[in-house]
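Close look at the chain arrangement
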Amino acid sequence: MPNKWNEKIIAEFRANEGKVGGPFEGSPLVLLTTRGAKTGTSHTTPVMYLADGDRVVVFASVGGGPRNPDWYYNLLAHPEVSVEQGTQSYDAVARPLQGEERDRLYARQAELFPVFADYEVKAPRVIPVVGLERV
C-alpha cells in the first residue's frame, strides 16, 4: 500500500531534479526502487544516502524504530534495484555491509547528520547499512 507521505516526497523529488523541501531540505536523498520480497511488486522509497566513492550507501534506520524497513527485506530477496539520484537513474546491486566497513560508514553518516547517532541509540537493533553499486 503506497505511503502518502512518501508519494509527496517522490513527486517533489522528480519535479525538482532531486531536491525536496520540508524536513529533508538540503539532505542528500535518492529514490530507491525495490521489488517486493513476497509479491515482486515494484516499490519506490526516498532514503538519505552517503556517497562512498562510486557507490551510494543507504541506511535502514526507520528513525531508530524497532524493525528494519520493508525496502531492506525487499533488497535482501531481490538485490537488483533502481536508483534515482538527482536527474540520473541507474540500476544497481544492493549489498549489505558488515563489520568495520558498516561501522565506519554509519559513523560518517552520524557525523554529517547527528540524528543518525540518535537513531542508533534508540534502535533495539543494529541498523543495516547497504551499498548500492552501479551495474
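Above this text is the structure in question.
Residues numbered from 1 in each chain as written. Predicted model: local features only at pLDDT ≥ 70, side-chain atom pairs only at ≥ 80, totals over all residues. Heavy atoms only, no water.

Here we come to the overall build of the chain. Per the secondary structure count, the chain includes 4 helices and 6 strands. Relative to its length of 135 residues, the chain is compact, with a C-alpha radius of gyration of 14 Å against a globular reference of 14 Å. Principal axes of the C-alpha set define a box for the chain whose edges measure 35 × 35 × 30 Å. Buried residues in the chain amount to 44% of all 135 residues. Across the chain, the fraction of contacts at a sequence separation of at least 24, relative to all contacts at a separation of at least 6, is 61%. (Helix = DSSP H or I, 4+ residues; strand = E, 2+ residues; numbered from the N terminus. Rg over C-alpha atoms; globule rule 2.2 N^0.38 Å. Buried < 20%, exposed > 50% of the residue type's maximum accessible area, 1.4 Å probe, protein only. Contact = heavy atoms within 4.5 Å.)

Quick look at the nonpolar core now. In this structure, Leu29, Val57, Phe59, Leu105, Tyr106, Phe116 and Val129 are the most contacted members of the largest nonpolar core, which totals 19 residues. Those elements that provide at least two residues to this core are helix H1 (4–15), strand S1 (29–35), strand S2 (42–52), strand S3 (55–59), helix H3 (99–112) and helix H4 (115–122). In this structure, phenylalanine 116 is in contact with Met48, Phe59, Ser61, Tyr106, Gln109 and Ala110, ignoring residues within four places of it in sequence. Within the second largest apolar cluster, 17 residues are counted, among which are Tyr49, Leu75, Ala92 and Leu132. (Core = buried A, V, L, I, M, F, W, Y, C linked by side-chain atoms within 4.5 Å.)

Honestly, it's all geometry; don't read function into it.
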